[in-house]
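Structure assessment
Chain by chain, the residues run as shown.
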Amino acid sequence: MPPFLRTYFTPNATAVKFAIKTTLAMMLALYVALAFDVERPYWALISAAFLQIRPMSGMVVEKGLCQLGGTALGAIVGIFIMALFAQARLPALLTLTCWIMLCTYVGSLWRNNYTYGCLMAAVTAMLIVVISSGSTPAEIFDIAVARMTELGLGALCAMLVSALLWPSHVGTHLATQADTVINEAFTHAALRLEASDDIAAMQEALRGSLTPLAVLETDSQAARFEGPVGPGRVRATHVLTRRTLRFFANLQALHQLMHDHADRLAPESIELAGQVANGFRDAEHVKGVADARKALQGLRHRVHESEEEASLAPLDRRLRLGLRESIGHAMVMLDAREAIASPASHKLRSSPLAWHRDHLAASINAIRSGLLFSLLATFWIVTAWQSAMIAMMLGTLFSAFFASRDNPIAITMMFYKGMLAAIPSAFLFGHVLLSQANGFPMLAMLFGTPLFLGLLGATNPATMGYCLAFTIFNILLTMPGNGMDFSFDSFANRVVAVVIGLSCVVMSFRLLPGLGTRLRRRRLINAISKDIHELTRRSIRDAETRFSGHMADRLLQLAQHDDMLPEQQRHLFILGLTGLDLGTATLRLRDRLDDAPHPSIREAHRHLLGTLASGFEESANGRPPQWIREAGQQLDEAIKAYGDVPADRQVLLEGLIERLELALERLARIMANQPTRPHPPIKRLSPVDQP
């Protein structure tokens, strides 16, 4: 059954409750706005609708606070601009354009509801400056207060309804997402450790884990607003994100060894990996985290005992250590899941993630928003058309709102189609029928009908863009209030303004689409390479915090971008996993050799780390890494000559270097087959030629 038919003919309970809650919140906001005779009640409706998109209590509170804070800031900036240029419209609009670009730029660097706060700061300032054109100072202040009142009223009504009617909590949502992350991750682990050839099944399990993990990390910040246990949930989420991604990086390395180099491994090692794979399959289905953790603990002890065999080759020892590390990561993931579900009884420590911020992408978004607003403002000045303000508002709102999305062109087209569907609906319900209404109950019944229908489909990801646009544009095309104008001319003016505004948004994303896949890949390679090089320049604790945070954010982004590419071009996530694996290995080497007693060991150690970082950059550009094995041999000889390191540690070091070299060679082969421009070879000095 098509998504639209399934949504409306067989709606689930969650969709119905969401539609009822959001419609009631909007009708409550409209009733209060009409009772107090505010100037533009429809802003309270839109405010309530946006806050109820994610109706969990902590999410509504966080978004409401960001909306109020952004509105207050935008009002202050709008008043300041008009105080300087009350009688000079062009300088006021130029200053406003710079403010909109700044808000879009800052909002593009964030991942959570702070982006929404930046958006409201831009829109509020725009409304004050445009509406106040030619007004007295007292009128400018009154306009600013009116805009804050309307938006604040919608936010308060949304928070009230969210708390009283079918309340849902972020904590419950996070626990559900964490269960999905772990179950799918364990399924992926079992396939990897069985050296499976079923790429489709592994990718499906991987996406099934990463998609809720991205949602989990973004949504966890709202848990701070659900009581004193909220910060504990946030810390546990950070732990789960870091450990899950390390888990995947480790699994990819083990899968490569067993799948591509099984002839270099002992049969006992392959058999042991199969036992661990079965353990992960059982752990996925075991009811209760305690039993699953106990089973994994037994597996870890068995693998640890097998590492003590003296006859193991370096790669076999490295494989078994990797199995033990994977089980260790899985056990911490289970602990994090318990801490998310019960933060009062299970507490974990974790530093916040250091987000990856792409300033070039943010700058492109800011330039696009500035150019679009300048174009619409010029149209407004030249035509002196009052309804052009609607087009300006839509251009400012949606150019910034969609800029931070992964596929803004597709989302904008969904909104465009939803807007077209809203035109006949708004004309029928908002003008023909509503003009005959008498009293608020009749108004709510007629006007609430298309809103309820639109919201009913907003919980389905396949129909969300169309249905949310249908709801918003029904409000904008109707503009309910105490002194409504039901003339056809007024409605037609709003329709033309809405079509112009959203058409300009669509064209702006098509003419200035942002970073392409090739440029994005190039910038990510440079960013990861830079972070790996910087691992040797900071303290181990600081380096680990920054690197793991940056890589966690990048890997979540890379996974989302890979999903938009053809199957044969999905290489960005592998690139990120290899970078995470290499960085983790670098930190492990630093932890063991930074305090080596002899300068020769420290010198060879630094040379190896630099060679590994350069090897990643070469492999990411499709060139085989150079001099890694030689650098590893230099370190091994220095340890034998000047260090007192146990023999098993030396064997582990040899296995680690060999495994990393194989991983980088595989990455080079994958990247060499991608349709990219050739890069000039980088000349590297051999170990003999190094100064």
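Residues numbered from 1 in each chain as written. Predicted model: local features only at pLDDT ≥ 70, side-chain atom pairs only at ≥ 80, totals over all residues. Heavy atoms only, no water.

Thoughts on the packing of helix H10 (residues 230-260) against helix H22 (residues 572-593)
The N-to-C vectors of H10 and H22 enclose an angle of 95 degrees; their axes lie 9 Å apart at closest approach. In terms of orientation, H10 and H22 fall into the roughly perpendicular class. Contacts from Leu245, Arg246, Phe248, Ala249, Gln252 and Ala253 of H10 reach H22 at Ile574, Leu577, Thr578, Leu580 and Asp581. Across the contact of H10 with H22, the residue classes break down as seven nonpolar, two polar and two charged. (Axes fitted to C-alpha atoms, helices over the stretch in contact; angles between N-to-C directions. Helix = DSSP H or I, 4+ residues; strand = E, 2+ residues; numbered from the N terminus. Parallel < 35°, antiparallel > 145°, perpendicular 65-115°, else oblique. Contact = heavy atoms within 4.5 Å. Nonpolar A, V, L, I, M, F, W, Y, C, P; charged D, E, K, R; others polar.)

Observations concerning the packing of aromatic side chains
On inspection of all chains with the given rule, the structure shows 17 aromatic pairs. For the pair phenylalanine 379 and tryptophan 385, a centre-to-centre distance of 6.1 Å together with 85 degrees between the ring planes defines the contact as edge-to-face. With a centroid separation of 5.3 Å and an interplanar angle of 50 degrees, the aromatic rings of phenylalanine 427 and phenylalanine 491 are classed as tilted. Taken together, the residues phenylalanine 427 in helix H16 (residues 408-433) and phenylalanine 491 in helix H19 (residues 488-511) connect sequence positions 64 residues apart. On the basis of relative accessible area, phenylalanine 427 is assigned to the partly exposed category, the value being 33%. What links up through ring pairs into an aromatic cluster is the set Phe50, Tyr116, Phe398, Phe401, Phe402, Phe415 and Phe473. When the ring centre of tyrosine 116 is taken as origin, the NZ or CZ atom of lysine 63, which lies over that ring, is 4.9 Å away. One cation-aromatic arrangement involves arginine 89 over tryptophan 380; the distance from NZ or CZ to the ring centre is 5.4 Å. (Phe/Tyr/Trp six-rings, centres within 6.5 Å; stacked < 30°, edge-to-face > 60°. Buried < 20%, exposed > 50% of the residue type's maximum accessible area, 1.4 Å probe, protein only. Lys NZ or Arg CZ within 6 Å of the ring centre and 35° of its normal.)

Things to note about the layout of surface pockets
Of the volumes computed, that of the second largest pocket is approximately 900 Å³. Along the walls of the second largest pocket sit 35 residues, with Arg243, Arg246, His329, Glu544 and Thr584 positioned nearest its centre. Secondary structure elements with two or more residues in the lining of the second largest pocket: H10, helix H12 (289-307), helix H13 (314-341), helix H21 (540-563) and H22. In terms of residue class, the lining of the second largest pocket is made up of eleven nonpolar, eight polar and 16 charged. (1 Å grid on protein atoms, 1.4 Å probe; cavity = no way out; pocket = protein on both sides within 12 Å on 5 of 7 lines; lining within 4 Å. Points joined across faces, edges and corners; volume = space filled by probe spheres on them.)

So, the side chain of glutamate 658
Here glutamate 658 lies in helix H25 (residues 647-672). For glutamate 658, a relative accessible area of 18% corresponds to the buried category. Apart from the residues lying within four places of it in its own chain, the contact partners of glutamate 658 are Arg264 and Leu315.

Section: unusual backbone geometry
The phi dihedral of tryptophan 166 falls on the positive side, at around 45 degrees, and the residue is not glycine. With respect to the element layout, tryptophan 166 can be found in the loop between helix H7 (137-164) and helix H8 (170-193). Residue tryptophan 627 is not a glycine yet carries a positive backbone phi of 65 degrees. Classification of tryptophan 627 as partly exposed rests on a relative accessible area of 28%.

Quick word on a nonpolar patch on the surface
Together, Phe4, Leu5, Tyr8, Phe9 and Leu453 line one region of the surface with nonpolar side chains, adding up to about 490 Å² of accessible area. Considering each element in turn, the nonpolar patch owes the most residues, four residues, to helix H1 (residues 3-9). Mapped onto the secondary structure, leucine 5 falls in helix H1. Taking relative accessible area as the criterion, leucine 5 reaches 39% and is therefore assigned partly exposed. (Patch = residues over 30% accessible without salt bridge, like charges linked within 9 Å, V, L, I, M, F, W, Y side chains within 5 Å. Areas by Shrake-Rupley, 256 points an atom, 1.4 Å probe, with all protein chains shown as cover. Salt bridge = Lys/Arg side-chain N within 4 Å of Asp/Glu carboxyl O.)

Some details on the nonpolar core
Inside soluble globular proteins, nonpolar side chains tend to come together where they are buried. Counting residues in each nonpolar core, the largest one holds 101 residues, and the members touching the most others are Met26, Leu96, Met126, Met393, Phe398, Phe447 and Phe473. Beyond its immediate stretch of four places on either side in the chain, phenylalanine 447 contacts Met27, Leu30, Leu45, Leu434, Asn474, Ile475, Thr478 and Pro480. Ranked by size, the runner-up nonpolar core spans 97 residues in total, among them Ala236, Ile340, Phe616 and Ala620. (Core = buried A, V, L, I, M, F, W, Y, C linked by side-chain atoms within 4.5 Å.)

Some remarks on the pattern of salt bridges
Any two side chains of opposite charge can pair if their charged atoms end up close together. Within the structure shown, the criterion is met by 16 salt bridges. What emerges from the salt-bridge pattern is a single network uniting Glu39, Arg40, Arg147 and Glu150.

Let's talk about the confidence of the model for the protein
Scored by pLDDT, the protein has a mean of 83; 92% of the residues are at 70 or more. Contacts from residues 676-691, a stretch scored under 50 in pLDDT, to residues over four places away or in other chains number 26 contacts. (pLDDT = per-residue confidence, 0-100.)

Side note on the packing of H12 against H13
Remark: H12 packs on H13, axes separated minimally by 9 Å, with the N-to-C direction vectors making an angle of 160 degrees. Between H12 and H13, the angle is such that the two are roughly antiparallel. Helix-helix and strand crossings are classified by hand; for H12 and H13 the assignment is left-handed. Residues that form the contact of H12 with H13 fall into these classes: eleven nonpolar, four polar and nine charged. (Left-handed = near helix turned anticlockwise from the far one by under 90°.)

A closer look at the side chain of histidine 431
Inspection of the secondary structure puts histidine 431 in helix H16. Residues in contact with histidine 431, not counting those within four places in the same chain, are Ala426, Leu477, Thr478, Asp485, Phe486, Ser487, Phe491 and Arg494.

A look at helix H23 (residues 599-620)
Spanning 22 residues, H23 covers 32 Å between terminal C-alpha atoms, matching the ideal 32 Å at 1.5 Å per step. Extensive coverage of H23 is indicated by the burial of 16 of its 22 residues. Note on H23: the residue one or two positions beyond its end, glycine 622, has a positive phi of about 85 degrees. (Expected span 1.5 Å × (residues − 1).)

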